Every structure is written in C-alpha cells, then in structure tokens.
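# A closer look at the structure
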Amino acid sequence: MTERTDSGVDLAQRALDTVQRYPHEAISIAHRVLADAPDARTRSTAERAIGLALRELNDLTGAARHLRRAVRAGDDARLRALARMSLGYVLASAGRTTAALRVVTLALPQLTGADAGRARMQRGVVLHYRGRFDEAVRDYDQAVEIARREGDLLLEARARNNRGLLNAHLNAHLDADTDDDLNRAAAIFSQLGLDLAAADARWNSGIATGQRGDVAGALHCFAEVDSEYRRLAVPRPALLLDRFELLLSVPLIDEAVAVAETAVTELRRLGMASDLAEALLAQARAALLAGDLATAADTAAAARSRFRRQGRRAWATLARHVELRAGYARGTRSPALLAAMIRTADQLDATGWPGPALTSRIEAARLATTLGRHSRAVELLEIAADARRRGTAPRRAQGWYALALRHRLAGDESGAARALRHGLAVLDGHRASLGATELRANSGTYGKELAAEGLDIAIRRGAPAQVLTWAERWRANALRMRRVSPPPDPDLATALTELRMVSAALEDALLAGNPVQTLRGSQARLEQRIRELARGVNGDGELLAPPGVTDLAAALGAAVLLELVAHGERLLAVLVRDGRPTLHDLGSLTDAVRVARLHRFGLRRLVTTGDSADARAGVRHTAGVLDRQLFDPVRELIADCPLVIVPIGDLHAVPWSGLPTCAGRAVTVAPSATAWLRAAGRRSGGVDPQPAGGPAAGAQPDGGPAVLVAGPRLPAAETEVRQLSAVLPGSRTLTGAAATADAVTGALNGARLAHIAAHGRFRVDNPLFSTLELADGPLTAYELERITSPPGCVVLSACDSGLAGVRPGDEVMGFTAVLLALGTRCLIATVLPVPGELTTALMLELHREMLAGHAPAVALARAQQAFAAGPDGAAGARHATAAAFVCFGAD
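Quick caveat, the model's predicted, so the values are computed rather than measured.

Across all of its chains, the model carries 44 salt bridges by this definition. Residue D776 pairs with R500 through a salt bridge whose shortest N-O separation is 3.3 Å. Of this pair, D776 sits in the loop between β10 (771-774) and β11 (777-780) while R500 sits in helix α26 (residues 490-512), placing them 276 residues apart in sequence. Here R500 falls in the buried class, since its relative accessible area comes to 3%.

Read across the open sheet, the 3 strands follow the order β9-β10-β11; overall the sheet is antiparallel. A single partner strand is all that each edge strand has here, and the edge strands are β9 (760-761) and β11. Here 4 bridges tie β10 to β11, and the two strands are oriented antiparallel to one another. Residue pairing across strands places E773 opposite P778, the latter belonging to β11. Where α26 meets the sheet, its contacts fall on β9 and β11, and the angle it forms with β11 comes to roughly 135 degrees.

Most of strand β15 (residues 826-830) sits inside the fold, with 5 of its 5 residues counted as buried. Both faces of β15 are covered, namely the face carrying C826, I828 and T830 and the face carrying L827 and A829. Taken together, the 3 bridges between strand β12 (residues 793-797) and β15 define a ladder with parallel strand orientation. Residue pairing across strands places C793 opposite C826, the latter belonging to β15.

This part covers helix α33 (residues 715-727). Taking 1.5 Å of rise per residue, the 13 residues of α33 would be expected to cover 18 Å, and the 19 Å separating its terminal C-alpha atoms lies within 8% of that figure. Every buried residue of α33 is listed here: A716, A717, E720, V721, L724 and V727. The arc enclosing the buried residues of α33, seen along the axis, measures out at 135 degrees, which places them on a common side. Seen from the buried face of α33, the exposed residues on the opposite side, beyond 90 degrees, are P715, R722 and A726. Among the structural elements, β6 (706-710), β7 (732-734), β8 (753-757), β12 and α37 (836-851) are those in contact with the buried residues of α33.

Cut-offs used in this document
Residues numbered from 1 in each chain as written. Predicted model: local features only at pLDDT ≥ 70, side-chain atom pairs only at ≥ 80, totals over all residues. Heavy atoms only, no water. Salt bridge = Lys/Arg side-chain N within 4 Å of Asp/Glu carboxyl O. Helix = DSSP H or I, 4+ residues; strand = E, 2+ residues; numbered from the N terminus. Buried < 20%, exposed > 50% of the residue type's maximum accessible area, 1.4 Å probe, protein only. Pairing = 2+ DSSP bridges. Contact = heavy atoms within 4.5 Å. Axes fitted to C-alpha atoms, helices over the stretch in contact; angles between N-to-C directions. Expected span 1.5 Å × (residues − 1). Arc of directions from axis to C-beta.

In structure tokens:
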C-alpha cells in the first residue's frame, strides 16, 4: 500500500509539472492516478493538475469543477490553499473576479516560501483583471523577490511576464525594465523547456513594442510568434485582442473589425467570460471607427454590463466611454451627455486610461462649445492640451489639436494654425517610421481632424494658397514619403509564389464548377501571412514637404491645376493658373458623388450589357450634369488649357475624358499636387521636391527597352502585343507560357516603357491584392513593390487596373499608388471594364501618338478622340472604352 501511495504521489506531481508543456498528457496521467483510489493528498494534487490542464485548453467550466474537488480533497491547509490559488486564476478568467479575489486572499495566510510567491503572483493577476493596477504591480514585485530568494525559476518567469505585460499596458516603465522582464521570462521558459510559455512571453514583447509606437516591429513579432503557436498547435484566442489593439493603432479598421468578431465568437464558444467582455468592447470600438454607431453603442452597453457583473469597474468605465462617443457621433447634443462625458473622462484618468480620457475631454469640449459653455470648454481643452508633451505620436497630436481648439475659442486663428502644424508634424514623424505601403496608407486617419481644422481656418480666411497647403498637408501622404525598398525576404517570396499557385487553381476550379471552399481558405491564410510579412518593413524617416504655388506654377507651364477639396458638405476647388491660385465652390459634394457613380454605371453598362440609344442618352445626361457642376464655375479660367486634376474620395474613379470639358484635352490625374510635382520632376530629369533631404528616388531608365506582355485566357491580348511589337521595333515581348510573374517583374526592371494586356481584377477589400493575370497565376500589387528600377511609363490594358482603394486622407492603394511610389512617371490604366477587341485599336493609336513625340496625356487624348469617332455601329461601346483610360501621374 505504501509503495502504491508513493507512486501515486509521484505521478500526481508529474501530472502537475506537465500541465503547461503537455496539458493533454497531464490530464491522462492524473486520471490514471484517480482511477487507483489514491489518498486525499494525492487526489487533491491530481484534481488540481486536471483543472490547470483544462485551463490551458480553455475549458474554464471543467477547470473550475476539478479545482473545487481539489479544495475539498485537500487534507491539510497548504493543499487547500494551493487549490484555492489555482481556482482563483480560473475564476478570474471566467469573469468572476470578486470570487477569485476572495479565494486567493483566503489562501495567502496558509502559504510560505515559493508557495506564497505563487499566491502573490496569482492575486496580482486577479487585481490586474479588476483594474487595480498599482496593487497588482506590488504583488508581482513581491512574487519576483520571493522567487529569486527561493531559487524558483518558474515562478520568477511567470511573475516577470505578468509584470512586464502590465507595465506595457499601462504605458509606464516602457524602457529597459519592461524589456528585461519579458526577455528574461522568455529565456527562463525556454530554459525550462516550456515552449508555449516562452512564446507567450515573446508575444507580450510584441505588445510592449507596439505600445512604444513601433508598429512594424510589433507586427513582425506577432507574425513570428504566430508561426510558433501554429507549430505547437495550441489555440490562443485571447491573444486576438492584442492583435486587435495593434491593428486599431494603425488603424487597419476593416481587419480590426474582423479580428474582434472572431474573438467574440471564439471566446463565447469557450466560455471565457472575462476575455469575452474585453472582446465585446473591442468590437464596439472597431464599430465606432468604422462608422457603425448602432453596433458600437449596443455592444459597448453589453460589454459594460458584463464588466459590472465581474466587478471590473475600470473596464466598465472604458465601455461607457465608447457608448458616450457613439451617442455624440449620432448627433446627441445635451447637457446630460456633456456631464456624463466629463465624469467618464475623470474616471478614465483615475483608472489608468489616459488615451480615452483625452478623447473624451476633447469631444466634451466641442459639445460644451455647441451648448454655449465656453469657459467649460476652455477648461477641458487646457487639460487635454497637456498631452502634447508626452506619450505616443497620436496622443501628442491630439494634445496639439486640443491646443488649437483652445486658440480658436480665444479668436487666435494664427495660434491655432501653428498648433495644428505641430500636431501634423508629430504624425509625419510617426508615419515616416512605417515602411509598409498598407500601414502608411491607413495611418492617414490620425491627421483627419487636424487637417480639417486647418483647412477650415484657411477657407474662412478666403486664402486659396493656404487652402491648397492644408489640403496637401494631409492628402496622399504615403506618396510624400521616400520609397522603402523591402529587404529580400525568402518567406515573403515563398508566400507570394504559393498565393499565385493557389489563386490560379481557384480560378480553374471556379471555371470548371468544382468545389472551392478549401482553396478559398488557403488563399485567405496566405494573404494574411503576406500582409503580416510585408508589414514588418521599417521606414527611413524622410518625407517631402508639400509644394508652394510658385513651385507648382513653374512645373505647370501652360497647364492648369484643379485640386478638389471637401469642406463639410461642400465640394470646393483650388485652381492654379499662371502662378495665381483661386478658390471656387463647386456645389454639393453628395450630388457630385451621386452623379459620378451614375455616370460610371452608365459607361459600364455600355461595355458589359450592350449598346443602346437609351444607354447612350443616359451617359450623355449624367456626363453633362457632372461636367457642369465641376467645370462651369472655373470654365473661363481653364479655357482650353491642359488639366492636372487632383480628385477626392469616390471622384478618383471618374472617367474624366468621358466628360465634355475633358474630351480631346490633355488631362492628367494625380493623387496629390505633391505626387504630381514629384512625377513631373522625373519627366524633366529634375529631382523630387525635398526639404526632407536626400537624392531623388526612382531614377528613370530612359534608355531601356519597351516591354510588351500578354496575359492568358485573353486572345485579344496576344493580338494586341503582336501588333504593338510591329509599332515598337526592338521591344521585348512576353506572351504565352513565357509571361510568368518572375519573368515580367524582371523585365520591368530597367524598362523604358511597359505595356501589359491581361485580365485585371481590383480588390476593394485590399487593393494591394489587386491582380493582373499572368501565365503562372495572378501578379499582385505587392509583387510590383519588389521592382528597384521601374519603367518611366506603364500602360495597363486591363479591366479596372487604374482603380484605387481610397483611405482617409485620400490615400490611394492599388497599382497606381504602388507604381508612382516606385518612381514610375506616368501610368495609363482603366477605371472601368474594357472589351479586349475594341481596346487593341485604341492602344495601337496611343502608342503611335507617343512615338510621334506627344506626351502620354496628349497622346491618350488624341487617341481617344480618333478612336471614339470610329464606326457608328458601336459608338456607345467605343465611347465607354475610350473614356475608361486615364493618365495618372504626370504626362
């Protein structure tokens, strides 16, 4: 009997020691022990092992059941205290923090030595959940001290990991101490063979990196640890919330919404009530940024209710903050809302949420101003403005924004403008640290309020040059940054190749009518992997300053710049001609967008569903209405001059040559005046505008060959390339099986001119996954970023190849933005589907005009006019095909 009891004790202890490394094996061992009718001590240890293993596997209900059995089975105070300590951890994870704190505190007096250290650490976890952060840090400090005194490496690693994570979340001690805690924890876990715990500690290092503002570094860390989690095959759904925070900090709003929804679903399924409440709050915050105000309010209320039941007052306050913001965004303007916002801001400050407190005070100040309570607004803004001195870049920028609002309340418009410039400069520094195109383009959200305030000041002053400066200060900033060449990354190259293969197989399966669910899943996983790898590129810290009117006038020559600007519900335009800027009101922005969409719909219908007199009449009508709104107020000034148009929002997709004013006229479209001037400098052999310093990027390969590419499954493409090769002798042609992605990107390097005729597909959800179909599968915009010496001029004879996803700040994403950022001077591409057979004739005419010495925009206008005047039988389709092509960049 004694021998069997000793064996049972040893096995139970082995099960307990195995919990974190091999939870399934721990459960199996413990069940074997329990099946052998052990004594009370052994039973308690085995039940505790099962409970902790089930916690590792996210079965909180089962974990709590077995840990209660462990408490009941314990035959001495120490065993019962150890079981209570573990039970407290599980109860906290389940959201029952009051009960958790009670049982852990009850256990503490019964424990000494390393056991007491573990209990201290466990109580720190519970206090952390309840938002009592200072008390939690003190318990973690004591746990680390006890662990080092007792020589308990595992306890030291766990306590350091928890302390480092809490300090990272508090934005406190984000220095060597935090890094030392997390790095030391990961090293100890690895030394002990606890790979999963080591991965958790490294993940927490990613959180700390993100809190310091190093988004690229944090994303890179998360991607690496994700691979480790997949290797270990252990789910970590709660870690989705950390990824969510980082995505929201960019912000990548659509992806953050999806991650929050996944977290809610998984955590609800697993019964992890504490983390579920946080996931619901995450979902509410994402919905607020996405403009889904009803979901934001309802989900925040649900999260607040859960937090209150769990005794987590700090978290409940944060949920209330989101509710109030949703109410304000929905138009509520009442003294009751003002009082609630001020009260919540004070509570947020007191419970360790300075960022949300800052946002609450700024919005409360704006509400107070609306309600006529100016002294209250000034008081709130003075507190908020102090944030400009410390913290992350977005928080410091908010502080400058608050100072600007305070200056405006005092009637000091010049002081307000200075504060806004300071705030935008802070954000410039932050964005320059981001190397990935996707992160740069999406980070424009943060400057929206500051730029809009500056724009409002300039418009109210009636100062067109200042309006242009403020519009450029926030517009297409990703293209103001120096190009960052991604370093060679074999993992990224492999993922892109695999994606091309999977996408080609998916296309084949769709055409054959075969099942595609598995292939779609593989495609989604590869796209996520590519995004994560591409986001890890650091920026170089250099930005171009927006140009002044003098610089623009010198480059424009006889051309006229027409930059569109949104001001509330109005559409304005800054026009620059002969060095003189003027400001014009073009009417309702909503009306312009609505008519532009109708015009696009009509042109698309002519191409895709057939030509008819009614369809042509509809297109003529919408074209006339849009043309009159956009050009009547400036018609005398633009006369018959070439145009450089800088659109906004949905107007980026306008087929400009389809409007009467633009027909037969050289029209160039650019994401911003800064981007246009940069491209124009490449054309003339000049350099980029550069107070930010450094030589011009993207030198033009004037002496390189012309490259002609035909994609598969498009007979007209082969015909087009064959006929163009006769027009462009000495050109390099890639057709059939030779037109692979690697061959095409290799040929584009150093080319003078590139013409690609292929099937194109624009991806609204992620424009960087827009594709051109080649022999071995689709070529994505991501892959074009690997080109080091881009062609000076690129023609994409492919459907929708000129469309762009537009993010806040009129940041454009797609082939246009990628090629212009690489250094391409101009891109001629389509904003509509185009029929292959008709397109060939237009493309031949275009290249003949360019060979005759005409600049691309002039050549395109002449080719479009000649092409549209063809046989009457397909007049509508010819008009739509011609209108689909737009010259982007600089002619």
